[in-house]
Amino acid sequence: MPDKHEQVARTILKTTEEARRRLNEFSARMLRTRGGRIGSGMGAVIEALWGFFVNQILLEDAKCRIELARMYGHDYNDFACIGRGVEWHPETREGELLRVEVKSMVASADESKAHFDRLGHELHETDLLAVFLWDWLPVPAPGGPPPVGGYVSPQVKDYFVGRASDIAALRDALHRECGGTFVESGTCPDKCAVDACLHIGEPLNAKGSRERPSGPSSTRTKTVSYQANFGGLVRMLGCRTPQARSIVRKFYAESPTVKTHLDFAARNFLRVAKVLRE
Ligand SMILES: [Zn+2]
């Protein structure tokens, strides 16, 4: 990653710690409730709040020359880091330094569903991935001791921010090791003409079924339209062949981003910790 981008990425990572503090404090005050449910869309709220708090912190620093913009339209990315006050053209990325895709996972859910399934060739070298691990945690009751079945609010417990393409490289290597493939030019299962095929790079699982809704339509199964295992941030480590373990070890040793990501996952998910220990 070029120096300037590296520096911006470091600023965003550094700012995230304070953003998390503000987010959790805001949440304890404003998103306090009794009960709390999974699958409530709260993950999307946390993803958005992170961006707004990071931007707030950046704008408080008069010397800081960047700000975080919320993407509109159907882009994969959630935020773009742009020069403060500069002209911005999202269609061409003019004015931008990098983009951030944000994911969230619930710590106590059986299957943490954060999916990072953007294709390798769609990623820019400078794109960042931010992952937030959160849960409903007890917070003080308003004015008095907590009643039985007390108050909770969504709290970010841990996070990862790092270069997206490094995580995608590990994901893709493990996908292949598990018997998966990617659609290549001229061999599309839909038999598309070479220059008309929109499926290049789409992941297919070991049985040839598509992993994303945009995969070849002839590869859907009778029961599901697509598999959705590809890019599961914890699930991608479920491939347990000796070769898969050596792929994980190699990436862990060679990519500081992957090391940070896997350490984050291992702190929070026992099965990831086991993979790293094996
Ligand atoms: Zn095709």
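Definitions and cut-offs
Residues numbered from 1 in each chain as written. Predicted model: local features only at pLDDT ≥ 70, side-chain atom pairs only at ≥ 80, totals over all residues. Helix = DSSP H or I, 4+ residues; strand = E, 2+ residues; numbered from the N terminus. Rg over C-alpha atoms; globule rule 2.2 N^0.38 Å. Buried ≥ 20, exposed ≤ 12 C-beta atoms within 10 Å, placed from the backbone. Contact = placed C-beta atoms within 7 Å. Pairing = 2+ DSSP bridges. Domains from an automatic or database assignment. Nonpolar A, V, L, I, M, F, W, Y, C, P; charged D, E, K, R; others polar. Axes fitted to C-alpha atoms, helices over the stretch in contact; angles between N-to-C directions. Parallel < 35°, antiparallel > 145°, perpendicular 65-115°, else oblique. Left-handed = near helix turned anticlockwise from the far one by under 90°.

## What to know about the overall build of the protein
Helix and strand content of the protein: 6 helices and 8 strands. Helices (α) and strands (β) of the protein occur, in sequence order from the N terminus, as α-β-α-β-β-β-β-β-α-β-β-α-α-α. Compactness check: the protein gives a C-alpha radius of gyration of 20 Å against a globular reference of 19 Å for 278 residues, within 12% of the reference. A total of 278 residues make up the protein; the buried ones form 36% of that total. Counting only contacts in the protein whose residues sit at least 6 apart along the sequence, the fraction spanning at least 24 positions is 58%.

## Remarks on unusual backbone geometry
The phi dihedral of Arg-93 falls on the positive side, at around 65 degrees, and the residue is not glycine. Within the secondary structure, Arg-93 is located in the loop between strand 3 (79-83) and strand 4 (96-106). Residue classification places Arg-93 among the partly exposed residues on the basis of 15 C-beta atoms within 10 Å. Despite not being glycine, Lys-191 has its phi angle at roughly 55 degrees, a positive value. Checked against the element boundaries, Lys-191 lands in the loop between strand 7 (181-182) and strand 8 (203-204). Given 9 C-beta atoms within a 10 Å radius, Lys-191 is considered exposed.

## A look at the environment of Arg-163
Tracing the sequence through the fold places Arg-163 in strand 6 (residues 151-163). Taking C-alpha positions, Arg-163 is 32 Å from Met-30, a pair spaced 133 residues apart along the chain.

## Concerning the pairing of strand 3
Burial of strand 3 is extensive: 4 of the 5 residues sit out of reach of the surface. As judged from the 5 bridges shared by strand 2 (residues 66-70) and strand 3, these two strands associate in the antiparallel manner. Within strand 3, the residue paired with Leu-68 across the bridge is Cys-81. Here 4 bridges tie strand 3 to strand 4, and the two strands are oriented antiparallel to one another. Within strand 4, the position partnered with Phe-79 by the bridge is Val-100.

## Some details on the domain arrangement of the protein
Looking at the assigned domains, one finds that the protein contains domain 1 (3-164) and domain 2 (168-277). Inter-centroid distance (C-alpha atoms) of domain 1 to domain 2 is 24 Å. Contacts between the two partners involve 20 residues from domain 1 and, on the opposite side, 18 residues from domain 2. Elements supplying a minimum of two residues to the side of domain 1 that touches domain 2: strand 4, strand 5 (128-138) and strand 6. The biggest single contributor to the side of domain 1 that touches domain 2 is strand 6, with 4 residues. Of the residues that constitute the side of domain 1 that touches domain 2, the class distribution is 10 nonpolar, 5 polar and 5 charged.

## What to know about the packing of helix 5 (residues 256-268) against helix 6 (residues 270-277)
The contact between helix 5 and helix 6 brings their axes to 5 Å, and the two run at 125 degrees. Put simply, helix 5 runs oblique to helix 6. In terms of crossing hand, the pair formed by helix 5 and helix 6 is left-handed. Counting all contacts with helix 5, which are made through Leu-262, Ala-265 and Ala-266, the residues of helix 6 involved are Val-272, Ala-273 and Leu-276.

## Points about the sheet that holds strand 3
Pairing is mixed in the open sheet, where 6 strands are placed in the order 1-6-5-4-3-2. With partners counted over all chains shown, the strands left at the sheet margins are strand 1 (33-34) and strand 2, one partner each. Along the sheet, helix 2 (residues 42-60) contacts strand 2, strand 3, strand 4, strand 5 and strand 6; its crossing angle with strand 2, the most-contacted strand, is approximately 155 degrees. Its contacts with the sheet put helix 5 on strand 5 and strand 6, and the angle it makes with strand 6 is roughly 155 degrees.

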